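Structural overview for review
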Amino acid sequence: METVQRLVLLPEEPIGQVSPYIHGQFSEHLGDCIYPGTFVGTESPLPNTRGIRQDVLEALRPLEIPVLRWPGGCFADNYHWRDGIGPREQRPTRVNTYWGMAEESNAFGTHEFIDFSRQLGAEPYFAGNVGSAAPSELRDWVEYCNFAGNSSLADERRANGSADPFKVQFWGIGNENWGCGGNMSPEEYAAAFARYRTYVFNYPGSEVQAIACGPNSHDFAWTRRFFDAMKNHHTSCRLKQVQGFAAHYYCGTTGSSTEYTDSQWLELLARGYAIEGIVSGHRAIMDEFDKNRRVKLIVDEWGTWHPSGPGGTSLEGFHGIYMQQNTLRDACVAALTLDVFNNHADILYMANIAQLINVLQSLLLVEDDKCIKTPTYHVFDLYKPHRNGQAIRVISEAETISHGEASEEHCRSCYTDQRTLDLQAVHSSATIKDGVLCMTVVNTHPTQQVELDVELRQANWSELEMVTLTADDIHACNTFAQPERVKLSAPQRSSNGGKHTRIQLPAASVVRVMGTLH
Ligand code: AHR
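Owing to the predicted nature of the structure, the values given are computational and were not obtained by experimental measurement.

Overview of the overall build of the protein
When you go through the protein residue by residue, the secondary structure sums to eleven helices and 25 strands. Its C-alpha atoms give the protein principal-axis dimensions of roughly 65 × 55 × 45 Å. Here the protein, with 518 residues, has 51% of them falling under the buried criterion. Taking all contacts inside the protein whose residues are at least 6 apart in sequence as the whole, residues at least 24 apart take part in 78%.

If you want it as structure tokens, here you go:
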């Protein structure tokens, strides 16, 4: 069955420039993300560069990941950076108490993470320990990484192989300090933030952007109470100390990672789309305290979260904690989310999907000597041309196909009274860069294809190129046995264009159309 839907693109109504950092990633010492997903060590029979898997590097390089967050997550507030420097054979073995009491060899530490980031061309984003360490520990880590001059810490970094400072710009002052990062109230965290932040210095040539722990999901009270409490700290420059404020939003699951009905498909997409209210709601509260928007809004963890265990993971027997299969449905959630981010280019600075490899909504799945790209990987690949583009307003006149009922829990602290999860048949975003218009569209319906009428106001486009991500089954995923079941189509070129363009969107698909603007 086919429906006709309509979109209007308004090139003369710019929203803002899309920050490349909204395509950020996150790697935590959790399950199989770091060992063996990223780091196998120099003695491994698997091909590696200084211990980092070659297949992973080759798979990730084309994405040009803009920023990579590490070492957690909840791991961060129980991580002591000194454990992860110096000769590897002398590093202590610790217990990863938060994630399954796993053995933590500390083989992958600060230098290895910087090496990984540099090999990918990504900006490193460190999450500091506030929950279980003194402010001096964070102070020393920043000095160790960023100081170019003479000090014992800078000399230690040099002795450990890095003559030049790492110049780490992004520093999280804790993670989820309302939970695993110390179970603090917003007021307690504001006090902790002010204290720890005081000792995070800008060393010459290495300016820091300090990122405060923001709320979980719709917890608007956290945002208001944090900024309110900050008034009590260092009044003259309290907001100058907070460069970023990072919310987390996991849209969860319906059914399992690979088994769901059409209506569960729609419900999860609607829950994914609800990130729109989180981004706009938290920014609206921040604006009450920071009308000049000096503090940047970040979502440094987001994604789907499917149940673990039989049925929740896959029949391939994934074993790592939170290692989940990733289908066309996860890809559509990712695409909807990135479209929301583009449509809020004026207020969103960075976002980091959870997580890069083998954990939650990962981009890669890695096992033994195999490494495959998930459908979510292909969405990031497809959306790359949006980076640094000027987002423009898009009006979707598409029908509403689902009013997923928001659960009681979801609604409890909703910013508005809205109790439904809206989802339109077609969601989209568009950007302009170097005279090229890039539009991405999600057909959210699991079974209906769409004939899409795109109207371009006060402009024309031509030389269109269209790339599609879809599959013949809404449950389709990539497996080690069949790694390319879900992948991007070859580009289709057409001389169509003008002001009105008709585009066929397969059911359950993500489509990118690019064309020269006149
Ligand atoms: O990404 C998995 C976990 O989810 C992170 O460690 C934590 O910050 C969040 O609760």
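Brief notes about the site of the ligand
Surrounding the ligand, one finds Glu28, Gly72, Gly73, Cys74, Asn175, Glu176, Glu301, Ala354, Gln355 and Leu360. Split into classes, the residues belonging to the shell around the ligand amount to three nonpolar, four polar and three charged.

A few points about the domain arrangement of the protein
The domain boundaries assigned to the protein delineate domain 1 (2-10 + 392-517) and domain 2 (18-388). The partner domain 2 presents 44 residues to the 40 residues of domain 1 that form the contact. Of all the elements in the fold, those that place two or more residues in the side of domain 1 that touches domain 2 are strand S17 (400-405), strand S18 (420-424), strand S19 (426-433), strand S20 (436-443), strand S22 (461-469) and strand S25 (509-517). Sorting elements by how many residues they give to the side of domain 1 that touches domain 2 places S19 first, with five residues. Broken down by class, the residue content of the side of domain 1 that touches domain 2 amounts to 21 nonpolar, 15 polar and four charged.

Structural notes on helix H10 (residues 375-383)
Counting buried residues in H10 gives eight out of nine residues, a clear majority hidden from the surface. Of all the residues in H10, the buried ones are Pro375, Thr376, Tyr377, His378, Val379, Phe380, Leu382 and Tyr383. Taken together, the buried residues of H10 touch helix H9 (328-343), strand S14 (364-367), strand S15 (370-373), S20, S22 and S25.

A few points about unusual backbone geometry
Note: most residues except glycine have negative phi, and most peptide bonds are trans. With an omega of 5°, the peptide bond between Trp70 and Pro71 qualifies as cis. Topologically, Pro71 is positioned in the loop between strand S5 (67-70) and strand S6 (94-96). The backbone of Asn183 sits at a positive phi, close to 50°, despite the residue not being glycine. With respect to the element layout, Asn183 can be found in the loop between strand S9 (170-173) and helix H5 (186-198). At Arg293, a position not held by glycine, the phi torsion is positive, near 55°. Within the secondary structure, Arg293 sits in the loop between helix H8 (275-289) and strand S12 (296-304).

Considering the packing of H9 against H10
Taken N-terminus to C-terminus, the directions of H9 and H10 make an angle of 30°; their axes are 8 Å apart at the nearest point. Here H10 runs roughly parallel to H9, going by the angle between their axes. Here H9 and H10 pass one another in a crossing that is right-handed. Contacts between H9 and H10 involve Leu328, Asp330, Ala331, Ala334, Ala335 and Leu338 on the former and, on the latter, Pro375, Thr376, His378, Val379 and Tyr383. Of the residues in the contact of H9 with H10, the class split is eight nonpolar, two polar and one charged.

Rules used in this analysis
Residues numbered from 1 in each chain as written. Predicted model: local features only at pLDDT ≥ 70, side-chain atom pairs only at ≥ 80, totals over all residues. Helix = DSSP H or I, 4+ residues; strand = E, 2+ residues; numbered from the N terminus. Buried ≥ 20, exposed ≤ 12 C-beta atoms within 10 Å, placed from the backbone. Contact = placed C-beta atoms within 7 Å. Near = placed C-beta within 6 Å. Nonpolar A, V, L, I, M, F, W, Y, C, P; charged D, E, K, R; others polar. Domains from an automatic or database assignment. Axes fitted to C-alpha atoms, helices over the stretch in contact; angles between N-to-C directions. Parallel < 35°, antiparallel > 145°, perpendicular 65-115°, else oblique. Left-handed = near helix turned anticlockwise from the far one by under 90°.

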